[in-house]
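The lines below spell out each chain.
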Amino acid sequence: MKAKVSARGGDSRLGVKNGKAEKDPNKPKRPPSAFFVFMEGFRKDYKEKHPNNKQVSVVGKAGGEKWKSLTDAEKAPFVAKAEKLKAEYTKKIEAYNNPQAEASGDSEKSKSEVNDEDDGSEADE
DNA sequence: CAAGTGATTGTTTCG
DNA sequence: CGAAACAATCACTTG
């Protein structure tokens, strides 16, 4: 039974796509929630355990159930990741609202082009 | 052949 | 405050 209170079911998406959907190439997509981040790895692991069942729906159910089984501490790393993604998303939104918010003047992106991964990407451990 | 659906929860966003 | 919508993903289903 689908306990969906909302209309997320199948028709909502189609209903939205009525007529013309102007897609803004600049418009960033929403950041994946902690659940999706968790699922990214979960799906991969699930494939190994269930190479016969690859359907997302199946993994989704298993993942959802497992997800609820996790505690905040376990979800912490996922939430932290999602939080960071959200922060970047907000920045992109700003860029979307202000596409011309660049530092005028010298833009000689000379040195910082090759490698600028500051902001410790791996700062969690 | 191509597009749509189904299923999961979380974040997003408007009224 | 709340509800509707959408985010990834991929076998399956239908046109």
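Please refer to the structure placed before this passage.
Residues numbered from 1 in each chain as written. Chains lettered and ligands numbered in written order. Predicted model: local features only at pLDDT ≥ 70, side-chain atom pairs only at ≥ 80, totals over all residues. Heavy atoms only, no water.

**A word on the overall build of chain A**
Just so we agree on the cut-off: In this text, helices come from DSSP runs of H or I with a minimum length of four residues, and strands from runs of E with a minimum of two, each type numbered from the N-terminal end. The buried label goes to any residue with under 20% of its type's maximum accessible area, the exposed label to any with over 50%, and the partly exposed label to all in between, with areas taken from a 1.4 Å probe on protein chains only. Surface accessibility in these figures is a Shrake-Rupley result with a 1.4 Å probe; residues are shielded only by whichever protein chains are displayed.
Within chain A one finds four helices and zero strands. Starting at the N terminus and ending at the C terminus, chain A contains elements arranged as α-α-α-α. In chain A, which comprises 125 residues, the proportion classed as buried is 11%. With an accessible surface of roughly 11,300 Å², chain A has 51% of that area assigned to carbon and sulfur atoms.

**Here we look at helix H2 (residues 34-49)**
Let me state the cut-off plainly: The span one expects for a helix is its residue count, reduced by one, times 1.5 Å. Working definition for bend: take the seven residues up to and ending at a residue and the seven starting at it, fit an axis to each, and measure the angle between the axes. In this description, contact between two residues means that some pair of their heavy atoms is separated by no more than 4.5 Å.
Given a rise of 1.5 Å per residue, 16 residues ought to cover 22 Å, and the 22 Å separating the end C-alpha atoms of H2 matches this to within 8%. At Glu40, H2 is deflected by roughly 30 degrees, the largest bend along its length. Turning to H2, the residues buried within the fold contact helix H3 (56-69) and helix H4 (72-97).

**Observations regarding the nonpolar core**
What counts, and what does not: By nonpolar core is meant a set of buried Ala, Val, Leu, Ile, Met, Phe, Trp, Tyr and Cys residues that side-chain atoms within 4.5 Å join together.
Among the nonpolar cores identified, the biggest contains ten residues, and these are Ala34, Val37, Phe38, Met39, Phe42, Tyr46, Val59, Trp67, Leu70 and Ala82. Among the secondary structure elements, those contributing two or more residues to this core are H2 and H3. With six residues, H2 is the largest single contributor of residues to this core. Ala82 has contacts with Pro32, Ser33, Ala34 and Val37, leaving out every residue within four places of it along the chain.

**Points about the pattern of salt bridges**
As a reminder, the rule being used: In what follows, salt bridge is the name for a side-chain nitrogen of Lys or Arg lying within 4 Å of a carboxyl oxygen of Asp or Glu.
Inspection of the entire model under this criterion finds two salt bridges. With a closest N to O distance of 3.8 Å, Lys75 and Asp72 form a salt bridge. One end of the pair is Lys75 and the other is Asp72, both in helix H4 and three residues apart, which spans about a single turn.

**Digging into the packing of aromatic side chains**
What counts is decided by this rule: Put simply, two rings from Phe, Tyr or Trp (the six-membered ring, in Trp's case) pair if the centres are within 6.5 Å, and we call them stacked under 30 degrees between planes, edge-to-face over 60, tilted for the rest.
All chains considered together, the criterion is met by seven aromatic pairs. Between the aromatic rings of Phe35 and Phe36, the centroid separation amounts to 6.0 Å while the plane-to-plane angle is 65 degrees, which identifies the pairing as edge-to-face. For Phe36, a relative accessible area of 46% corresponds to the partly exposed category. Aromatic side chains Trp67 and Phe78 sit 6.1 Å apart centroid to centroid with 65 degrees between the ring planes, which places their arrangement in the edge-to-face category.

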